[in-house]
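A closer look at the structure
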Amino acid sequence: MAAKWLKDTVFYEVYPQSFKDTNADGIGDINGIIEKLDYVKSLGCNAIWINPCYDSPFKDAGYDVRDYKKVAPRYGTNEDLCRLFDEAHKKGIRVLLDLVPGHTSEEHPWFRESQKAARNEYSDRYIWTDSCFQGAPGFPYIGGECERSACYILNFFKCQPALNYGFYKVTELWQKSTRDPAAMATREAIKDIMRFWLSRGCDGFRVDMASSLVKNDDEKKSGTSAIWRDVRRMLDLEFSDAAMVAEWSNPPLALRAGYDMDFCLNVPGGGYSTLMRDYCNHGGSRNGDRNAEDHSYFKKDAGGDMNRFLDQYLAWYEDTKDWGYISLLTCNHDTIRPGYNLDTAELKLAYAFLFTMPGVPFLYYGDEIGMKYLDIPTKEGGYFRTGSRTPMQWDNSANLGFSSGKAGDLYLPVDPSDEAPTVAAQEEDPDSLLNTVRRILALRHQEEDLQADAGFQVVCSDPAWPFVYRRGSLLCVVNPSGEAQKAPLPAEAAPTDVLFAIGNVSLENGSLTIGAQSFAVVK
Ligand code: NOJ
Ligand code: CA
């Protein structure tokens, strides 16, 4: 059972280095997040997820942790982070940190010890073969780099050695089982880190590469799932209100493993990526023709087909609705921003859909004003992802209000365009994307039928017609086409009220006409 508070929660993802700089060094910081909590609240977001903010050499923007229990000096101090927890709680905002359990930085003291020839407490904290001349077939590995005569396995980039949680199927002498004392010790070390932050006021974790712990796992990820269920037991006993969202992209497995939520992110065969476009392509399709792959349902007259998303989503939803939540997201720090190819009118419809769906939605900083994806050189292992990680655009002052430092010192350049959207400009316009997001989220908080648990059924997903779905007693209608259309409502439906509209919507004698590029919620 998922944490109760998630029922009416909308998350805002904060990329700390790019949100708000308060000491003019060009890098966003914890105090900047504190300063902007009222803004987050004003959107209708009542929880935040902060990307890793721990001490790190930043070869993968902080996903290479050097000290799990210390805030990176560039962001502030542990005291600042604890103050953020307190200030957020006073405003009714929960805070998730990012837990990176699968690997550390190669500069983590555990790894430094593990590399030594002499055996010590950390020798088996990572996965080593028996000799520097024996590789690890089927895994990315490194040999010849340290005093110890052995090769070690990587979990992601070269800077990220894999922590040892054991092998589900042991096929080589050097592989340990998941019950091996060293594998159990790694598991306890992660619980210890979780306790450290939870006891200081953190409300839970977004978990990086959650399915990656146990190697040679079976198809159902039985080994890794057993570890998460064990972690969940600890949470239930010691921090029963804590919530965890997985980066797993397999809700049936993640939610059964004890997660409250799983992201609908990298979905084989389409799903989320085809929903918004092929824009959130992990492989980085930004070099491709902007429109060639453009099947987003929300793109005007692109002939998008909602079923390309629904086929997978509905199967997952039906299977998991009693277990926890599927989290739809506007985008994240690993994907190309939706503003890359959807314009404001299209983004409004996309967000109206995302924020009226079941589960717990996530809004990535800056997507609420339609920040653009910038074509810029890589930074800290970002590669194509760097273009989605640029500084938040607050107003038209220097550095778009992100920092009062020198432009050349900024973590990443701000959007140089004259048309760069800003919060300040959109505050003035009742019809802006920002204010539309606020309206939709206010509606979601007001109507229990639009929240995480309320029922969801597809009424019409025929691509020739507007998309119609039921949420509890409400009907939602999206028309991304350039033509006004009659909404294909169920025969027995006789709505009398339009609760919410984007664009032109008219309801007469129970018959709903939905204008070009419009959205409605009726009752
Ligand atoms: C997923 C994170 O979201 C991404 O940014 C990171 O590079 C990898 N995991 C490795 O930790
Ligand atoms: Ca700073």
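Here the structure is a predicted model, which is why all the values come from computation and not from measurement.

**Looking at the domain arrangement of the protein chain**
- According to the domain assignment, the protein chain consists of domain 1 (4-100 + 264-446), domain 2 (103-162) and domain 3 (456-522).
- Summarising the inter-unit geometry, the C-alpha centres of domain 1 and domain 3 are found 28 Å apart.
- At the boundary of domain 1 with domain 3, total buried surface from both sides reaches about 2000 Å², with 69% on carbon and sulfur atoms.
- Remark: the boundary between domain 1 and domain 3 carries zero salt bridges.
- For the pair domain 1 and domain 3, the number of links is eight residue pairs in polar contact (both at pLDDT 80 or more).
- Among the elements of the structure, helix H9 (307-320), helix H10 (344-354) and helix H12 (433-446) are those that each provide at least two residues to the side of domain 1 that touches domain 3.
- Element by element, the count of residues in the side of domain 1 that touches domain 3 is highest for H10, at six residues.

**Describing the packing of helix H5 (residues 181-198) against helix H6 (residues 222-238)**
- As a packed pair, H5 and H6 sit with axes 11 Å apart at the nearest point and diverge in direction by 35 degrees. Handedness of the crossing formed by H5 with H6: right-handed. Here Arg 187, Glu 188, Lys 191, Met 194, Arg 195 and Leu 198 of H5 lie close against H6, whose contacting residues are Ile 227, Asp 230, Val 231, Met 234, Leu 235 and Glu 238.

**Brief notes about the site of ligand 1**
- In the vicinity of ligand 1, 13 residues are found, and the nearest of them are Asp 60, Asp 208, His 333, Asp 334 and Arg 385.
- Contact between ligand 1 and Arg 206: an oxygen atom at 3.0 Å from a side-chain N or O atom of the residue.
- Side-chain polar atom of Asp 334 to an oxygen atom of ligand 1: 2.4 Å apart, as the coordinates give it.
- Relative to its unbound accessible surface of 300 Å², ligand 1 loses 97% to contact with the protein.
- Residue composition of the shell around ligand 1, by class: three nonpolar, three polar and seven charged.
- Counting only domains with at least three residues in the shell around ligand 1, you end up with domain 1 (4-100 + 264-446) and domain 2 (103-162).

**Brief notes about the sheet that holds strand E19 (residues 511-514)**
- Taken in spatial order, the three strands line up as E16-E19-E18 in an open sheet, and their pairing is antiparallel. One side of each edge strand has no neighbouring strand; the edge strands of this open sheet are strand E16 (485-486) and strand E18 (505-508).
- Here E16 pairs with E19 via two bridges, running antiparallel. Within E19, the position partnered with Gln 485 by the bridge is Ile 514.

**A closer look at unusual backbone geometry**
- Within the chain, Met 209 stands out as a residue other than glycine whose phi angle is a positive 40 degrees.
- Phi angles above zero are rare outside glycine, and Leu 400 is one such case at about 50 degrees.
- Within the secondary structure, Leu 400 sits in the loop between strand E12 (362-364) and helix H11 (423-427).
- Residue classification places Leu 400 among the buried positions, given a relative accessible area of 14%.

**Some remarks on empty space enclosed by the protein**
- Overall, the coordinates contain one cavity of 30 Å³ or more when judged by the stated rule.
- One number sums up the size of the largest cavity: a volume of about 40 Å³.
- What lines the largest cavity is Pro 101, Tyr 165, Arg 187, Ile 190, Lys 191, Leu 213, Ile 227, Trp 228 and Val 231.
- Among the elements of the structure, H5 and H6 are those that each provide at least two residues to the lining of the largest cavity.

**Thoughts on the pairing of strand E13 (residues 456-460)**
- In the sheet, E13 pairs with strand E14 (residues 467-471) via four bridges, with the strands oriented antiparallel. Its bridge partner being in E14, Val 458 is matched across the sheet by Tyr 469.

**Some details on the environment of Met 244**
- By secondary structure assignment, the location of Met 244 is in strand E9 (residues 243-246).
- When the C-alpha positions of Met 244 and Arg 232 are compared, they lie 9.1 Å apart, and in sequence the two are 12 residues distant.
- Other than its neighbours up to four places away in sequence, Met 244 contacts Met 194, Phe 205, Val 207, Trp 228, Val 231, Arg 232, Leu 235, Gly 258, Tyr 259, Asp 260 and Met 261.

**Quick word on the layout of surface pockets**
- Its boundaries defined by the atoms lining it, the second largest pocket holds a volume of some 250 Å³.
- Along the walls of the second largest pocket sit 16 residues, with Thr 344, Ile 369, Glu 419, Pro 421 and Gln 426 positioned nearest its centre.
- Elements supplying a minimum of two residues to the lining of the second largest pocket: H10 and H11.

**Notes on the pattern of salt bridges**
- Tallying each qualifying case throughout the model produces 37 salt bridges.
- Where Asp 409 meets Lys 406, a salt bridge forms, and the shortest distance between an N and an O atom there is 3.9 Å.
- Salt bridges sharing partners connect three or more residues here, namely Arg 187, Glu 188, Lys 191, Asp 230 and Arg 233.

**Regarding H12**
- Helix length check: H12, at 14 residues, gives a terminal C-alpha distance of 20 Å against a target of 20 Å (1.5 Å per residue), a fit within 8%.
- Among the 14 residues in H12, 10 count as buried, and that is most of the element.
- Those residues of H12 that sit buried are Leu 433, Leu 434, Asn 435, Thr 436, Val 437, Arg 438, Ile 440, Leu 441, Leu 443 and Arg 444.
- Packed against the buried residues of H12 are helix H2 (37-43), H10, E12, H11, strand E17 (498-502) and strand E20 (518-522).

Cut-offs used in this document
- Residues numbered from 1 in each chain as written.
- Chains lettered and ligands numbered in written order.
- Predicted model: local features only at pLDDT ≥ 70, side-chain atom pairs only at ≥ 80, totals over all residues.
- Heavy atoms only, no water.
- Domains from an automatic or database assignment.
- Buried area = accessible area lost by both parts, 1.4 Å probe.
- Salt bridge = Lys/Arg side-chain N within 4 Å of Asp/Glu carboxyl O.
- Polar contact = N/O pair within 3.5 Å; in protein donor to acceptor, adjacent residues only side chain to side chain.
- Helix = DSSP H or I, 4+ residues; strand = E, 2+ residues; numbered from the N terminus.
- Axes fitted to C-alpha atoms, helices over the stretch in contact; angles between N-to-C directions.
- Left-handed = near helix turned anticlockwise from the far one by under 90°.
- Contact = heavy atoms within 4.5 Å.
- Near = heavy atom within 4 Å.
- Areas by Shrake-Rupley, 256 points an atom, 1.4 Å probe, with all protein chains shown as cover.
- Nonpolar A, V, L, I, M, F, W, Y, C, P; charged D, E, K, R; others polar.
- Pairing = 2+ DSSP bridges.
- Buried < 20%, exposed > 50% of the residue type's maximum accessible area, 1.4 Å probe, protein only.
- 1 Å grid on protein atoms, 1.4 Å probe; cavity = no way out; pocket = protein on both sides within 12 Å on 5 of 7 lines; lining within 4 Å.
- Points joined across faces, edges and corners; volume = space filled by probe spheres on them.
- Expected span 1.5 Å × (residues − 1).

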